[in-house]
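What follows is each chain in one-letter form.
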Amino acid sequence: MREQRIQVNLSTERKPKPQTDQLGFGKIFTDHMFVMDYTDELGWHDPKIIPYQPLTLDPASMIFHYGQTVFEGMKAYLTSDNRILLFRPERNMQRLNRSNDRLCIPRIDEEFALEALKQLILVDKEWIPKAEGTSLYIRPFIVATEPFLGVHPSSSYKFVIILSPVGSYYKEGIQPVKILVENAFVRAVAGGTGEAKTAGNYAASLKAQETASLKKYSQVLWLDGIEKKYIEEVGSMNVFFKINGEIITPELNGSILQGVTRDSVIQLLRHWGLTVSERKISMQEVYDAYHAGQLEEAFGTGTAAVISPIGEFFWNDEQLLIHNGQTGEVAKRLYHTLTGIQNGTEPDPFNWVTEVGQEVPAK
Ligand code: COI
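All values derive from a computational prediction rather than experimental measurement. (Residues numbered from 1 in each chain as written. Predicted model: local features only at pLDDT ≥ 70, side-chain atom pairs only at ≥ 80, totals over all residues. Heavy atoms only, no water.)

What about the overall build of the chain?
When you go through the chain residue by residue, the secondary structure sums to seven helices and 18 strands. For the chain, whose C-alpha radius of gyration is 21 Å, the value lies close to the compact-globule estimate of 21 Å for 363 residues. In terms of overall dimensions, the chain has a C-alpha envelope of 60 × 55 × 35 Å along the principal axes. Looking at the chain as a whole, 53% of its 363 residues qualify as buried. Taking all contacts inside the chain whose residues are at least 6 apart in sequence as the whole, residues at least 24 apart take part in 71%. As displayed, the chain has an accessible area near 16400 Å², and 50% of this comes from carbon and sulfur atoms. Distance between charge centroids for the chain: 2 Å, based on 37 positive and 45 negative side chains. (Helix = DSSP H or I, 4+ residues; strand = E, 2+ residues; numbered from the N terminus. Rg over C-alpha atoms; globule rule 2.2 N^0.38 Å. Buried < 20%, exposed > 50% of the residue type's maximum accessible area, 1.4 Å probe, protein only. Contact = heavy atoms within 4.5 Å. Areas by Shrake-Rupley, 256 points an atom, 1.4 Å probe, with all protein chains shown as cover. Lys, Arg positive; Asp, Glu negative; His and termini not counted. Charge placed at Lys NZ, Arg CZ, Asp CG, Glu CD.)

Digging into the domain arrangement of the chain
Looking at the chain, the domain boundaries give domain 1 (7-167 + 352-356) and domain 2 (177-327). One C-alpha centre belongs to domain 1, the other to domain 2, and the line joining them spans 27 Å. Contacts between domain 1 and domain 2 engage 20 residues on the former and 19 residues on the latter. Here domain 1 packs against domain 2, burying approximately 1600 Å² in sum over the two surfaces, 57% of which is carbon and sulfur. Across the contact surface, domain 1 and domain 2 share two salt bridges. Between Arg 88 and Asp 263 there is a salt bridge; the shortest N-O distance is 2.8 Å. Across the contact surface, domain 1 and domain 2 share 11 residue pairs in polar contact (both at pLDDT 80 or more). For the side of domain 1 that touches domain 2, the elements supplying multiple residues, two or more each, are β4 (69-71), β5 (74-78) and α2 (89-102). The leading source of residues in the side of domain 1 that touches domain 2 is α2, at six residues. Its residues assigned to classes, the side of domain 1 that touches domain 2 shows eight nonpolar, five polar and seven charged. (Domains from an automatic or database assignment. Buried area = accessible area lost by both parts, 1.4 Å probe. Salt bridge = Lys/Arg side-chain N within 4 Å of Asp/Glu carboxyl O. Polar contact = N/O pair within 3.5 Å; in protein donor to acceptor, adjacent residues only side chain to side chain. Nonpolar A, V, L, I, M, F, W, Y, C, P; charged D, E, K, R; others polar.)

Notes on the packing of aromatic side chains
Counted under the stated rule, the structure contains 15 aromatic pairs. Aromatic side chains Phe 25 and Tyr 137 sit 4.9 Å apart centroid to centroid with 65 degrees between the ring planes, which places their arrangement in the edge-to-face category. Of this pair, Phe 25 sits in the loop between β1 (7-8) and β2 (32-39) while Tyr 137 is found in strand β7 (residues 135-144), placing the two residues 112 residues apart along the sequence. Given the relative accessible area of 22%, Phe 25 is considered partly exposed. Through a chain of ring-to-ring contacts, the aromatic side chains of Phe 34, Tyr 38, Trp 44, Tyr 157 and Phe 159 assemble into a single cluster. One residue, Lys 280, lies across the ring of Tyr 230, its end atom 4.5 Å from the ring centre. Here the basic side chain of Arg 333 rests over the ring of Trp 272, its NZ or CZ set 3.7 Å away from the ring centre. (Phe/Tyr/Trp six-rings, centres within 6.5 Å; stacked < 30°, edge-to-face > 60°. Lys NZ or Arg CZ within 6 Å of the ring centre and 35° of its normal.)

Here's the deal with the site of the ligand
Around the ligand lies a shell formed by Phe 71, Gly 73, Tyr 137, Arg 139, Tyr 169, Lys 197, Tyr 202, Ser 236, Thr 303 and Ala 304. Within the backbone of Thr 303, an N or O atom sits 3.4 Å from an oxygen atom of the ligand. Bound to the protein, the ligand loses 91% of the 280 Å² it would expose on its own. In this structure, the shell around the ligand is formed jointly by two domains, domain 1 (7-167 + 352-356) and domain 2 (177-327), each of which donates at least three residues. (Near = heavy atom within 4 Å.)

Overview of the packing of α2 against helix α3 (residues 110-123)
In the contact formed by α2 and α3, the axes pass within 10 Å of each other and the chain directions differ by 125 degrees. As judged from the angle between their axes, α2 and α3 are oblique. Read as a crossing pair, α2 and α3 show a hand that is right-handed. Where α2 abuts α3, its residues Pro 89, Glu 90, Met 93, Gln 94 and Asn 97 lie against Glu 110, Ala 113, Leu 114 and Leu 117. Of the residues in the contact of α2 with α3, the class split is five nonpolar, two polar and two charged. (Axes fitted to C-alpha atoms, helices over the stretch in contact; angles between N-to-C directions. Parallel < 35°, antiparallel > 145°, perpendicular 65-115°, else oblique. Left-handed = near helix turned anticlockwise from the far one by under 90°.)

Remarks on a nonpolar patch on the surface
Side chains of Tyr 66, Leu 149 and Val 151 sit close together on the surface and give an oily, nonpolar patch of about 340 Å² of accessible area. Tracing the chain through its elements places Tyr 66 in helix α1 (residues 62-66). (Patch = residues over 30% accessible without salt bridge, like charges linked within 9 Å, V, L, I, M, F, W, Y side chains within 5 Å.)

Let's talk about the pairing of strand β9 (residues 177-181)
Regular strands show a simple pattern: their side chains alternate between the two faces of the sheet. Among the five residues that make up β9, four are buried, leaving the element largely enclosed by the rest of the structure. One ladder, built from four bridges, connects β9 with strand β16 (residues 306-315); its direction is parallel. Pairing of Val 177 across the sheet is with Ile 310, part of β16. The pairing of β9 with strand β10 (residues 219-223) spans three bridges and is parallel. Among the inter-strand pairings, Ile 179 is bridged to a residue of β10, identified as Gln 219. (Pairing = 2+ DSSP bridges.)

Thoughts on helix α5 (residues 260-271)
Between its first and last C-alpha atoms α5 spans 16 Å; for 12 residues at 1.5 Å apiece the expected length is 16 Å, and the two agree. Summarising burial for α5: nine of the 12 residues are buried, a large majority. All of the buried residues in α5 are Val 260, Thr 261, Arg 262, Asp 263, Ser 264, Val 265, Ile 266, Leu 268 and Leu 269. Looking at the residues trailing α5, positive phi occurs at Gly 273, about 85 degrees. (Expected span 1.5 Å × (residues − 1).)

With respect to the environment of Glu 318
Examined against the element boundaries, Glu 318 turns out to sit in strand β17 (residues 318-321). Between the C-alpha atoms of Glu 318 and Tyr 287, which are 31 residues apart in sequence, the distance is 9.8 Å. Each residue touching Glu 318, except ones within four places of it in the same chain, is listed here: Tyr 287, His 291 and Phe 313. Side-chain polar atoms of Glu 318 contact the side chain of His 291, separated by 2.7 Å.

Right, dumping it as structure tokens:
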């Protein structure tokens, strides 16, 4: 990408900041957003920070018809001494480009996008909430904007970053969630788009999610799309099980999202000397372990969900209550350590956090 200067046009109006108990997840947005355009002629160009506002798109824009779009999820944290930290943001930018490749969207310059993100955060830094369990959620996304009804990759795009002060993703907060194992619908198959962070995967999940919600389950656990036998992931997070001392998470197989939190959790567990296996795990294995009294814990991992203990699975009309519906020791320790690294209260042995505010300004 050509060297670019980010234009900054500050808003003349500032919205009131929410109270901590109003936060929830993804409902409130800050005063500014980052936007950059792409055309085949100019490449990525015209990066700017502007007041938060609706996007105006032609109704024929290809995003509306064929779903050519990708997104990311990250968080910024405020430390007790008012430093702003990002957690492994370069990993999200790399994944954004992997999703771009899968969706035939032109790659972005990862370093430049990270710099733009840091500038946006600094502009809206007053929005980063301080209370425990809160953060500023970051949603970068790219949409296809060419007005055309034929099916081919768009020749123009918009890259946008918006920010949202958030509390916990689940209404349960950090209490265990209940998960319904989905036997009918599938989320993805290897060779499809399951590994990419693209809207279609989430649209495809809504029907099962709706049924789960009606039955008072927080999310569904997806099984593989071919045999409906092997565990893949939960709607918004990767999943881990502790069975007889072994911590198991489904191996990356082309249809599972390559979670940044998943990778961080695996590294932390190994750093603590615990056994972690990335392998195929069937729902039957989990069920058998449960009945043998060996299913010690289950938890999900994700940027939005952080570490979310799972208190119950419902599979084939049977309720599997895990750890008596309480948070297990591994999930507790992971939550404490991971959020501690992210908030700057725990040592960061892997150099995962990046401080915002020390970067060289955009060229
Ligand atoms: C995230 O964890 O950041 C995600 O993008 C998941 C989303 C469904 C909230």
